Protein chains: 2
Amino acid sequence: MKKTIEVCFSPKLYEDRVTDGNFIVVIVDILRATTSICTAFKNGVKTMIPVPTLEMAKEYKEKGYVVASEKDGKVLDFADFGNSAFEFSVENVKDKEVAYCTTNGTKAIELAKDADEVVIGSFVNLRALSDWLIEKNKDVVILCAGWKNKFNLEDSVFAGVLVENLIDSGKFSAECDSAQAALDLWKTAETDLLGFIEKAAHRHRLKKLGLDDVLEYSFTLNTSDVVPVLKDGRIVCETGNGG
Amino acid sequence: MKKTIEVCFSPKLYEDRVTDGNFIVVIVDILRATTSICTAFKNGVKTMIPVPTLEMAKEYKEKGYVVASEKDGKVLDFADFGNSAFEFSVENVKDKEVAYCTTNGTKAIELAKDADEVVIGSFVNLRALSDWLIEKNKDVVILCAGWKNKFNLEDSVFAGVLVENLIDSGKFSAECDSAQAALDLWKTAETDLLGFIEKAAHRHRLKKLGLDDVLEYSFTLNTSDVVPVLKDGRIVCETGNGG
């Protein structure tokens, strides 16, 4: 019996999923939370604490944590740095505990916390994540963080390539329409991923804010083999080149 | 200034839409509510009353209305007929008032009732609907009824061809990611629409129930020029070949 793959294009669609029982949730927020989290682990961060509100981020700062926080794409004054993947450098994060507050990504992590396991997905750790999921051999729900509860192209097309990898393993089937649609979007995008993402509304929003320097990096596959997972409310990494 | 087009892939995503002010909502439930409603008007029905619950459908039956009602694809015992487009024949519906209860479609109609105008979309009235929307020249929200709040391929791919028609008019732009994704799905599907729909989960569900005889009809474009709209809680048709 093959394991199933379901895709939720928005956190709003998570509660109506058909998958239940024992399953793994893959959190996807390509621009920028999950790309940045993978980058932090690649650069040796000890742990990341996903924080849903600015107030909680401030509390972590007062307790002495390094804090990454932004609102609507802008770094907050109390934070050490913002959410761009490039901020999570070896200098900024190696061996540190980082509290990380984002608009969309951490809310999705919060939503999925009762799943068997919650894992962080992005283009930069795609192959490592795929291999880890194939090894785990459980049903998978890919939860796209979206943008303010809306469908977005970058998370959806990532869901598509992950669906493709899992199906190619021979161990998974994707019967839900959203997984089929994600796969079709990926097939449309794969020969020119950055060109495809030119169409994404969020990409234009980032460009307006002058924050689009991480785009090429965010859509480059397999630059890291980390597989960050949620354990007791914190993100940790037991595998890959984390440090 | 071009008018905008936004696509909601599920009723769950409607409240987080960005479109506000004066806009038209297009309800889409290809399998089968909106295809059947268009067929009924093509065959001369006087009015259709969308009914959200089985209890209300029973009440309409007791008041002497013709009732079309099914649950999970099966005709209910008190109903005159079910939801297949082929049931809405001239013999069954001409000059009649039909109360129509469906699992997904009427809930979406209910949700959108505060919009400026609510109109019924399906492949069978695509060209007439497109021309009507272009003439109206207002912002458009395409609301896919989906299946139990989930994304589905047939409604999404219809959203895509409607987006294409509206953009081709030169009067509309589609900036939201969901409209772009719908358009890409349509471009993948258009050379073999029925083949594409083979992938849809709901289509397999219908096949299991022996209800897939309307599939070819439901995915044939422009067999009717009706444009059914919601007026005071009822669906009526002021245009096209309605009778």
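None of these values were measured; they are calculated from a predicted model. (Residues numbered from 1 in each chain as written. Chains lettered and ligands numbered in written order. Predicted model: local features only at pLDDT ≥ 70, side-chain atom pairs only at ≥ 80, totals over all residues.)

Colleague: Talk me through the overall build of chain A; I want residue IDs and the actual numbers.
Modeller: The helix and strand inventory of chain A stands at 10 helices and 11 strands. The C-alpha atoms of chain A give 17 Å as radius of gyration, which agrees with the globular expectation for 243 residues (18 Å, within 12%). Along the longest, intermediate and shortest principal axes, the C-alpha atoms of chain A span 50 × 35 × 30 Å. Each of the 243 residues in chain A was classed as buried or not, and the buried ones make up 52%. Pairs at least 24 residues apart make up 76% of the contacts formed inside chain A by residues separated by at least 6 positions. (Helix = DSSP H or I, 4+ residues; strand = E, 2+ residues; numbered from the N terminus. Rg over C-alpha atoms; globule rule 2.2 N^0.38 Å. Buried ≥ 20, exposed ≤ 12 C-beta atoms within 10 Å, placed from the backbone. Contact = placed C-beta atoms within 7 Å.)

Colleague: Pulling in residues and values, what's your account of the interface of chain B and chain A?
Modeller: Each partner contributes residues to the interface: chain B has 24 residues there, and chain A has 24 residues. Breaking the side of chain B that touches chain A down by element, the ones donating at least two residues are helix H6 (153-168) and helix H7 (177-189) of chain B. Considering each element in turn, the side of chain B that touches chain A owes the most residues, seven residues, to H7 of chain B. Residues of the side of chain B that touches chain A, tallied by class, amount to nine nonpolar, seven polar and eight charged. (Nonpolar A, V, L, I, M, F, W, Y, C, P; charged D, E, K, R; others polar.)

Colleague: Tell me about the nonpolar core, residues and numbers included.
Modeller: Counting 162 residues, the largest nonpolar core has Ile27, Ile142 and Leu143 of chain A together with Ile27, Ile142 and Leu143 of chain B as the members making the most contacts within it. For Leu143 of chain A, the residues in contact, after removing those within four places along its chain, are Cys8, Pro11, Tyr14, Val25, Val26, Ile27, Val28, Ala108 and Ala112 of chain A. (Core = buried A, V, L, I, M, F, W, Y, C linked by C-beta atoms within 7 Å.)

Colleague: Run through the relation of the copies chain B and chain A, naming residues and quoting values.
Modeller: With an axial shift of 0.0 Å and an RMSD of 0.0 Å, the rotation relating chain B to chain A amounts to 180 degrees. Accordingly, the operation relating the two chain copies is best matched by a two-fold axis. (Least-squares fit on C-alpha atoms with pLDDT ≥ 70 in both.)

Colleague: Run through the pairing of strand E1 (residues 3-8) of chain A, naming residues and quoting values.
Modeller: Here is the key point about a regular strand: its side chains alternate between the two faces of the sheet. Residue and element names in this part refer to chain A. Pairing analysis gives two bridges linking E1 to strand E9 (residues 172-173), with the strands arranged parallel. By the bridge assignment for E9, Thr4 is matched with Ser173. Pairing of E1 with strand E8 (residues 139-144), which is carried by four bridges, proceeds in the parallel orientation. Across the sheet, residue Val7 finds its bridge partner in E8, namely Ile142. (Pairing = 2+ DSSP bridges.)

None of the figures reported here should be taken as evidence of function without further support.
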